[in-house]
Amino acid sequence: MYKGIAFVTLVAALLVSPLQSQQGEWKQLFNGKDLSGWRHVGPGGMTVEDGLIRTHGGMGLLYWTGGKFGNCRVRVVYKMRDHNDNSGVFIRIPIEPREAWMPVHYGYEVQIDNEPEKSNEDEYHVTAALYSLTKPLARPGKPGPEWNTMLITLDGPRTIVVLNGATVTDYTEGQPVPPKKFDFEPERGTRPNEGYIGLQNHSDNDIVFFKEVAVQPLH
């Protein structure tokens, strides 16, 4: 009887431990009080109001100064002030930003904009797509003031974006992307497996609030 229990326990441990070893602890990058660990570049700015990061003006970028991230999950919880507002979550920024346009051209912007058609842009510019690069697999973005949860997985050269439980983007470096249509769209080309992350403040007319920014190692 003892041997049987021990065997079952051993099998259970072997089944559970690989899963546990692949999941790290979530690290909160926003403390809910101030912007410690963050730095802003470009026009406009961000403040903390009622425990939320609020965008002002733009176009600028608030980035995490604590180093690069790769092989991880990034969880961002946000809401638009109005029915639709514009912002973005930046990933794979190759070097520490000193202005707002380098991240646009050489990192990836995970877009926040539920209605790009109203700005004469197509679905490649919709929420949770890699801005102007990937066609969305779904359009689950919620209008303001509802909360949205974005989960970005950086798995080596692969980027997966799940918004409100629906997969919108699944892109691996080297897959085809459409040519540039506008000068303000990012340069095409390979992005690094690891990079800085940031939040965009887009304009005076686009107000977005961020409640959570957290990172979890994949392994």
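Criteria and cut-off values
- Residues numbered from 1 in each chain as written.
- Predicted model: local features only at pLDDT ≥ 70, side-chain atom pairs only at ≥ 80, totals over all residues.
- Heavy atoms only, no water.
- Salt bridge = Lys/Arg side-chain N within 4 Å of Asp/Glu carboxyl O.
- Helix = DSSP H or I, 4+ residues; strand = E, 2+ residues; numbered from the N terminus.
- Buried < 20%, exposed > 50% of the residue type's maximum accessible area, 1.4 Å probe, protein only.
- Polar contact = N/O pair within 3.5 Å; in protein donor to acceptor, adjacent residues only side chain to side chain.
- Contact = heavy atoms within 4.5 Å.
- pLDDT = per-residue confidence, 0-100.
- Core = buried A, V, L, I, M, F, W, Y, C linked by side-chain atoms within 4.5 Å.

**Quick look at the pattern of salt bridges**
As enumerated under the stated definition, the model contains 11 salt bridges in all. The partner of E96 in a salt bridge is R39, and the shortest N-O contact between them spans 3.1 Å. Here R39 lies in strand β2 (residues 38–41) and E96 lies in the loop between β7 (87–93) and α2 (101–106), a separation of 57 residues in the sequence. For E96, a relative accessible area of 24% translates into the label partly exposed. A salt bridge links K181 to D122; the shortest N-O distance between them is 2.6 Å. Of this pair, K181 sits in the loop between β11 (166–172) and β12 (196–201) while D122 sits in the loop between β8 (108–112) and β9 (147–155), and the two are 59 residues apart along the sequence.

**Concerning the side chain of H125**
With respect to the helices and strands, H125 occurs in the loop between β8 and β9. For H125, a relative accessible area of 1% corresponds to the buried category. Engagement of the side chain of H125 in a polar contact is seen with the side chain of E185, the distance being 2.7 Å. Leave out the neighbours within four places in its chain, and H125 touches Q111, D113, P116, Y131, S132 and E185.

**Description of the confidence of the model for the chain**
Of the residues in the chain, 89% reach a pLDDT of 70 or more, and the chain-wide mean stands at 91. Across residues 1–22, confidence stays below pLDDT 50; counting only partners more than four residues off in sequence or on other chains, it has 5 contacts.

**Observations regarding the nonpolar core**
M150 and I152 are the most contacted members of the largest nonpolar core, which has 34 residues in total. Sorting elements by how many residues they give to this core places strand β6 (residues 72–80) first, with 5 residues. In this structure, M59, F90, A100 and Y196 belong to the second largest nonpolar core, which totals 10 residues.

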